[in-house]
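# Working through the structure, step by step
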Amino acid sequence: METADAPLLHEGLGLADLAHVLALVEAGVVPASAAKDLARELLQILSTPPEEFPYDPVYGDAYNSRERELESRIGDAAGWLHTGRTRREAGRIAFRIALRRKLLDLHDAVGDLALALASAARLHAETLWADTTYLQPAQPSTFGHYLGAFAEETTRHFDRIQAAHRWANRSPAGSGGVGGSPVLVNRKRDAATLGFDEPGWHTRDIMWSVDGLVDAVVSATQTAATVDRLAEDLEIFASPAFGYVRLDASLCRASVLMPQKRNPYALAVIRAGAGVLLGRTSGLMATQRTPSARTDNWLHAYGEVASSVDLATRLVRLGTAVVRSLEVDEEALARAAGAHFTGAADLAESMVLHQGLDYRSAYRVVGRAVAAAVEGERTVLDRSHLDIAAWDLFGHGLSDLPDVESITDPATIVSTRDVLGGSAPNRVREHAERIEQLAGHAQQWARDTRTAAEIAEHAVVRRAEALTLS
């Protein structure tokens with residue numbers, strides 16, 4: 001099981017080992033010839049694909065296989081690599097290097113999703129539809145406003161992922177066995193060498209705390225949950241019973257038996273993946289319930305955490321493909337926008353403003369009128385329905401009855417939602433611009449962060465190469 005994590009840790013272990021050799025050289029600990037031999041072979045191992053390296057579970061974890069291989073190549077000189085550092089420290093460094101990269105990949109995927117949703121929201125800023133709660137028609141809105149809600153939620157994942165990255169981007173280097181190393185005392189320098197933001201501020205905490213593992217998986221699961229909620233809706237909206245949307249053919253599968261069926265398979269993949277991540281989150285949290293400084297809560301952590309972030313990244317990218325290629329039947333949405341008495345609440349509010357009724361009384365009048373219309377198999381209201389309902393409820397009619405048709409017109413209703421974050425077309429476009437700005441800033445942070453780490457990692461390799469030539 002531990003050796004199965006070798007591909008994940010391979011490059012990070014190589015970088016950690018090279019940085020450690022450089023730190024030992026600067027501390028004047030390791031002889032020059034041994035340092036040169038170590039640097040040469042470690043560079044060779046680093047350039048070897050993990051599937052070609054002789055990782056073998058008979059020796060324990062990946063670190064032990066690497067140690068055995070080094071010893072077979074350079075003999076006792078390999079022993080200098082142990083100075084001032086535990087095997088566990090090397091593994092923690094390697095894992096954090098891998099995790100910070102994967103979190104940035106997830107961050108990039110979330111940024112693309114936010115931009116795709118913003119673009120779709122702008123495209124459908126004027127597309128009328130009946131927004132729903134409990135899958136029941138509620139009020140006229142715009143489909144762009146609906147999509148914008150998912151875009152807004154998506155931007156909050158930036159903060160979650162960045163917080164998880166801050167944990168991952170702290171360095172365990174120089175932790176020693178427990179309380180620090182008497183040999184490698186410049187932990188800030190050693191952290192910067194590998195592109196970490198800073199060293200862990202407590203050596204026991206940076207080596208053994210597991211809350212950051214949970215945060216990473218929770219942040220990943222949250223991103224998948226957002227895409228899942230959209231997928232859950234779209235699966236319903238894509239059914240013939242609704243007929244609101246249609247997925248691109250590349251995201252569907254045909255039934256092998258029934259030639260008329262067009263299954264929105266990508267949505268099922270998203271839903272299943274989100275379920276897997278929820279299970280992994282609870283499983284990871286269960287394994288973290290151990291006394292401190294134990295191995296059992298780390299045995300599964302490397303693979304589980306990394307694969308969870310990877311899975312979330314794939315699900316978010318799949319969700320982005322769904323959004324970018326989604327076909328929306330605007331006519332079907334428009335037909336539904338004014339059906340099922342979706343303007344009833346606006347009609348009641350108009351009666352409050354113009355007939356002097358309190359809202360509860362107006363609500364009862366409109367509700368009684370709707371009930372009567374449904375019973376009479378009518379699909380629209382007119383003034384007479386309201387007047388009859390008022391007589392039934394209050395024993396008198398209403399003066400200056402409202403213009404029901406204009407008040408309940410979906411386009412008119414949407415135009416009145418001209419508030420910050422509202423469904424009026426100009427507000428939907430305004431919100432889409434906000435999403436694009438937030439996503440742009442977040443993507444720039446990710447680019448800068450990735451570049452800084454890559455520069456540091458490349459510098460370690462160049463310094464090690466120079467050491468072999470000295």
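Note: the structure precedes this text.
One structure accompanies this document, and this report is about it. (Residues numbered from 1 in each chain as written. Predicted model: local features only at pLDDT ≥ 70, side-chain atom pairs only at ≥ 80, totals over all residues. Heavy atoms only, no water.)

## Observations concerning a nonpolar patch on the surface
Taken together, V256, L257 and M258 make up a surface patch of nonpolar side chains, about 370 Å² in accessible area. Mapped onto the secondary structure, L257 falls in the loop between β6 (253–254) and β7 (262–263). For L257, a relative accessible area of 69% gives the class exposed. (Patch = residues over 30% accessible without salt bridge, like charges linked within 9 Å, V, L, I, M, F, W, Y side chains within 5 Å. Areas by Shrake-Rupley, 256 points an atom, 1.4 Å probe, with all protein chains shown as cover. Salt bridge = Lys/Arg side-chain N within 4 Å of Asp/Glu carboxyl O. Helix = DSSP H or I, 4+ residues; strand = E, 2+ residues; numbered from the N terminus. Buried < 20%, exposed > 50% of the residue type's maximum accessible area, 1.4 Å probe, protein only.)

## Regarding the layout of surface pockets
In this model, the largest pocket occupies a volume close to 360 Å³. Around the largest pocket, the lining is made up of 17 residues, and of these E2, D61, R88, R92 and Y302 lie nearest the centre. Elements with a minimum of two residues in the lining of the largest pocket: α1 (6–26), α3 (62–74) and α4 (87–123). Here the lining of the largest pocket gets four residues from one element, more than from any other, and that element is α4. Residue composition of the lining of the largest pocket, grouped by class: eight nonpolar, three polar and six charged. (1 Å grid on protein atoms, 1.4 Å probe; cavity = no way out; pocket = protein on both sides within 12 Å on 5 of 7 lines; lining within 4 Å. Points joined across faces, edges and corners; volume = space filled by probe spheres on them. Nonpolar A, V, L, I, M, F, W, Y, C, P; charged D, E, K, R; others polar.)

## A closer look at the pairing of strand β2 (residues 136–142)
In this sheet, β2 lies alongside strand β1 (residues 128–133) in antiparallel orientation, the contact comprising six bridges. What sits directly across from A130, in β2, is P140. Taken together, β1 and the strand that follows it, β2, pair antiparallel across an intervening segment of two residues, in which Y134 is found at a positive phi of about 55°. (Pairing = 2+ DSSP bridges.)

## Considerations on the side chain of E41
By the secondary structure assignment, E41 is in helix α2 (residues 32–46). Since its relative accessible area comes to 13%, E41 is described here as buried. Within the structure, the side chain of E41 is placed 3.0 Å from the side chain of R73, a separation counted as a polar contact. Among all residues touching E41, those that are not within four sequence positions of it are L70, R73 and I74. (Polar contact = N/O pair within 3.5 Å; in protein donor to acceptor, adjacent residues only side chain to side chain. Contact = heavy atoms within 4.5 Å.)

## Some thoughts on the nonpolar core
Formed by 116 residues in total, the largest nonpolar core has its most connected members in F95, L99 and L213. Of the residues forming this core, the biggest block, 18 residues, is contributed by α4. In this view, L99 contacts W167, A168, A216, V305 and V309; residues no more than four positions away in its chain are not counted. Ranked by size, the runner-up nonpolar core spans 19 residues in total, among them M351, A369, A390 and L401. (Core = buried A, V, L, I, M, F, W, Y, C linked by side-chain atoms within 4.5 Å.)

## Brief notes about helix α11 (residues 330–337)
Along α11, the residues that are buried comprise A332, L333, A336 and A337. Here the buried residues of α11 occupy an arc of 145° about the axis, which is enough to place them on one side. Exposed residues lying more than 90 degrees from the buried face of α11 are E331 and R335. Among the structural elements, β1, β2, α5 (143–168), β8 (327–328) and α16 (410–415) are those in contact with the buried residues of α11. Between the side-chain oxygen of the N-cap and the backbone nitrogen of E331 there are 3.2 Å, and the N-cap of α11 in question is D329. (Arc of directions from axis to C-beta.)

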